[in-house]
Amino acid sequence: MQRSEEERFYMTCRAAYLSVFRSSLVNMTSKDQLCSVLQQAGRNPSQKALDKYWPPGTKKLNFDDFCEILKKEKTAEPDQLMRIFKKFDTNCDGYISHDELSRILTSSGEKMSPKEVDEVFSLADVNKDGKLDYAEFCRLLESTVEQCQTAALEKLEADAKLKRQNFGNQLDNSPQSLESQPELPASEIQPRTEPETTQRKGMIQAGPKQQQLKDTLMRGCFYLEEDGTIVSLQYRLIIPETTSIYLTIRPLNLSPIPDKPSPWMCVDTALYVVTGNETKEDSNLVCFTELRDKERFLWRGELSAGSYLLLPFTTGCRLMKRTRKTTTKTAQLVNRTQSGELELTKEFKAALSDIFEVIDLDGSGLLSLEEYNFFEQRTSGEKCDEDAWAICKENFDTRKNELTRQGFLELNLMEANDREGDPRDLWLTLEAMGYNRSLEMVEACPFVIAVYCEDVKATLQAVHLDSGIKMLNSAVQRSITSKAEGRSLKGHENVLVYTYKGESRISSVIANKSNQKVTVHINNEQSKNCVSSRGMSVFAVEVPARTKMVCQHVMALNEQQEWTYSCVETIIPSL
């Protein structure tokens, strides 16, 4: 596929950056690192230029900054270098002696030490005759720069190919049984005889030897709010020592019918791994799950020892508000027996059993107080304290001081009795969990996260962060701008659009670098077989001054058919 000039420039930037750093998400933290990546890109920055790009007080620069600098730093032309050498060729014989070169390099410009001059001369004196044939040296220098850049690009492409192949092999050989937990049918309401463990060991083929992996599983759920926002819990991952890690997320199938999976299994999922303070919006993006294997999205690499936040994400392309059918029949939640006692209907029990699966975060078959409180916060905004939990344990079926599935059903029956069979509060709980009046989960998507570590055991804990949505939005923006080249809108060089093309989605960010807010008109009407996270083909995005904003995510409407993305962005003039 023929690349545009813009794409070739971006590939050059990325190849140079990855020659120095393991990821384009890693920041440069010193002037020397900036110099190294510029040299890898065929530039030869002066100390004055480096001081300009790295002024006093600078702590870090990112990949985007490097791309902008590279645009300004021009490649040293061989003719220019030849002209400089000729100025110092006093004999006009095409050679410069060691003494002449030493006098030049130690007394003018950015002065070198005699030792550095000797090192340069030993490399440049290709004939070993004590003289520098500078025409040959210029040819060698030009050839070396080209070879370095070509090698870096080839390595980038080879690494990408090898990564795809390795992931294919790893997926073929990975312990799928570790992640494929047995899922109870919705009709089953009896507690399990033995809790499922979430810490197990498996083997994965990696090169000539097998590596032992220890895995940790955790469940969660995306919930669609009334305003269209999608929320979920976040997760704290603690890794005791530097290790290779295999990270996946996928929708959780709750269907009891093998050939009829849950309708939300088509929902796209992703995990963003960040470091930072839980109470602050500022965070550093470490990585995110880019690769895909069917409904599973994954990332594999090395993480250093430390604490990380895992931020679950879905684009909203396949989890969005739908027009409610007014003709839908409302399901019955409770009945009265012949003796006049209340009982839960079979359909309501099935829904509660699925809810139990969703809120049983560690998959143990039991609800801890912490797990139950995440459910309470979601449905009522309140928490159950230790005293109230003690009463629950006295009145409902528990095991190991945790609530069983049967106990959870008993608790809901008690609430129905407290309201003398009035289902209104029960419906509020169900709607908060994503159910419609037909007892279908249509505004939620349960998921399961799996973390496989090589020879170490990671700790994964669910947390609820007030700043979670803003941290996630920042991570998504960063992932897009770090992978895509900014393109200025016509007539507005300070308004850039970054478009990231992944394996299953296309995402864009609008960066407004001007001092005034702008309104950008988005037109997807020429796209084919596409669905936008905005829920419409034509819309407008208002971007405040000096800010970035996710414009949209686009996916195939029908993945079995070809899809074409075509988007036109234009600035709407202010009145």
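What you are looking at is a predicted structure, and each value in this text was computed from that prediction instead of being measured.

Parameters and conventions
Residues numbered from 1 in each chain as written. Predicted model: local features only at pLDDT ≥ 70, side-chain atom pairs only at ≥ 80, totals over all residues. Heavy atoms only, no water. Pairing = 2+ DSSP bridges. Helix = DSSP H or I, 4+ residues; strand = E, 2+ residues; numbered from the N terminus. Axes fitted to C-alpha atoms, helices over the stretch in contact; angles between N-to-C directions. Phe/Tyr/Trp six-rings, centres within 6.5 Å; stacked < 30°, edge-to-face > 60°. Buried < 20%, exposed > 50% of the residue type's maximum accessible area, 1.4 Å probe, protein only. Salt bridge = Lys/Arg side-chain N within 4 Å of Asp/Glu carboxyl O. Contact = heavy atoms within 4.5 Å. Parallel < 35°, antiparallel > 145°, perpendicular 65-115°, else oblique. Left-handed = near helix turned anticlockwise from the far one by under 90°. Core = buried A, V, L, I, M, F, W, Y, C linked by side-chain atoms within 4.5 Å. pLDDT = per-residue confidence, 0-100. Polar contact = N/O pair within 3.5 Å; in protein donor to acceptor, adjacent residues only side chain to side chain.

We now examine the sheet that holds strand E26 (residues 568–572). The three strands are arranged E24-E22-E26 in an open sheet whose pairing can be described as antiparallel. Every other strand in the sheet has two partners, leaving strand E24 (538–543) and E26 as the edge strands with one partner each. Within this sheet the neighbouring strands show an average axis-to-axis angle of 25 degrees, counted without direction.

Moving on to the packing of aromatic side chains. Applying the stated rule across the entire model yields 14 aromatic pairs. Note on Tyr17 and Phe66: the rings are 5.5 Å apart at their centroids and 45 degrees apart in plane angle, and the pair reads as tilted. Of this pair, Tyr17 sits in helix H1 (residues 5–20) while Phe66 sits in helix H4 (residues 63–72), and the two are 49 residues apart along the sequence. Of the two residues, Tyr17 and Phe66, neither departs from the other in class, the shared state being buried. Both rings, one in Phe222 and one in Phe447, keep their centres 4.7 Å apart while their planes meet at 45 degrees; by these two values the pair is tilted. Residue Phe222 is found in strand E4 (residues 209–224), and its partner Phe447 is found in strand E17 (residues 444–454); the two are separated by 225 residues along the sequence. By way of ring pairs, the aromatic residues Phe356, Tyr372, Phe375, Trp389 and Phe408 are connected into one cluster.

Once that is clear, we can look at the pattern of salt bridges. Following the criterion strictly, the structure yields 17 salt bridges and no others. Measuring nitrogen to oxygen at the nearest pair gives 2.5 Å for the salt bridge that ties Asp51 to Lys31. Within this pair, whereas Asp51 is found in helix H3 (residues 47–53), its partner Lys31 is found in helix H2 (residues 31–40), the two being separated by 20 residues in sequence. Glu357 is the salt-bridge partner of Arg405, the closest N and O atoms lying 2.4 Å from each other. Residue Arg405 is located in helix H13 (residues 405–418), and its partner Glu357 is located in helix H10 (residues 346–359); the two are separated by 48 residues in the primary sequence. Comparing Arg405 with Glu357 shows no difference in burial state: the two are buried. Each of Glu68, Lys71 and Glu485 takes part in salt bridges that share partners, so that together they form one network.

Let us look at helix H11 (residues 369–379). With eight of 11 residues buried, H11 lies mostly within the body of the structure. Tucked into the core, H11 has its buried residues touching H10, helix H12 (386–395), H13, helix H14 (424–432) and strand E18 (459–463). Downstream of H11 by one or two residues, Gly381 has phi in the positive range, about 80 degrees.

Turning our eyes to something else, we now look at unusual backbone geometry. Even without being a glycine, Glu420 presents a positive backbone phi close to 55 degrees. When you line up the elements, Glu420 lands in the loop between H13 and H14. Note on Glu420: relative accessible area 67%, which makes it exposed. One non-glycine residue with positive phi stands out, namely Asn529, at about 55 degrees. Topologically, Asn529 is positioned in the loop between strand E22 (518–523) and strand E23 (530–532).

Before going further, it helps to spend a moment on the packing of H2 against H4. Orientation of H2 relative to H4, taken along the N-to-C sense of each, is 55 degrees, at an axis distance of 11 Å. Taken together, the axes of H2 and H4 lie oblique to each other. The interaxial crossing formed by H2 with H4 has right-handed handedness. Packed against H2, whose contacting residues are Leu34, Val37 and Leu38, the element H4 presents Phe66, Ile69 and Leu70 at the interface.

Next up on the list: the nonpolar core. Ranked by size, the top nonpolar core spans 71 residues in total, and within it Leu310, Phe408 and Val451 carry the most contacts. Among all residues touching Leu310, those that are not within four sequence positions of it are Gln234, Tyr235, Leu237, Leu247, Leu271, Tyr272, Val273, Ile449, Val451 and Leu460. Residues Val274, Leu285, Leu472 and Tyr500 belong to the second largest nonpolar core, which totals 22 residues.

Across the chain, the average pLDDT comes to 82, with 79% of residues at or above 70. Within the chain, strand E21 (residues 506–512) carries the highest mean pLDDT (97), whereas strand E3 (residues 199–206) carries the lowest (34). Across residues 162–211, where pLDDT falls below 50, the model places 115 contacts with residues more than four positions away in sequence or in other chains.

It is worth spelling out the side chain of Ser532 at this point. By secondary structure assignment, the location of Ser532 is in strand E23. Using a relative accessible area of 8% as the deciding quantity, one classes Ser532 as buried.

What follows covers the side chain of Ser514. Note on placement: Ser514 falls in the loop between E21 and E22. Overall, Ser514 belongs to the buried group, its relative accessible area being 16%. A distance of 2.9 Å separates a polar atom in the side chain of Ser514 from the backbone oxygen of Gln516. Not counting residues up to four positions away in its chain, the partners in contact with Ser514 are Asn494, Ala545 and Arg546.

A separate point is the sheet that holds E23. In spatial order, the strands read E19-E20-E21-E25-E23; together these five strands make up an open sheet with antiparallel pairing. In the strand order of this sheet, the two ends are held by strand E19 (486–489) and E23, each with one partner. Going from strand to strand, the sheet's axes swing by 30 degrees on average, the running direction of each strand aside. In terms of strand pairing, E23 meets strand E25 (residues 547–556) through three bridges, oriented antiparallel. Opposite Val531, over in E25, you have Met555 as the bridge partner. Against the sheet, helix H15 (residues 468–483) engages strand E20 (492–501), E21 and E25, with an angle of about 80 degrees to E25.

This part takes up the pairing of strand E11 (residues 296–303). Looking along a regular strand, one sees side chains alternate from face to face of the sheet. Within E11, six of the eight residues are buried, which leaves the element mostly enclosed by the surrounding structure. Note that strand E7 (residues 243–251) and E11 share seven bridges and pair antiparallel. Looking at E11, one finds that Leu247 is bridged to Trp299. With three bridges connecting them, strand E10 (residues 291–293) and E11 associate as antiparallel partners. Its bridge partner being in E11, Leu291 is matched across the sheet by Leu298.

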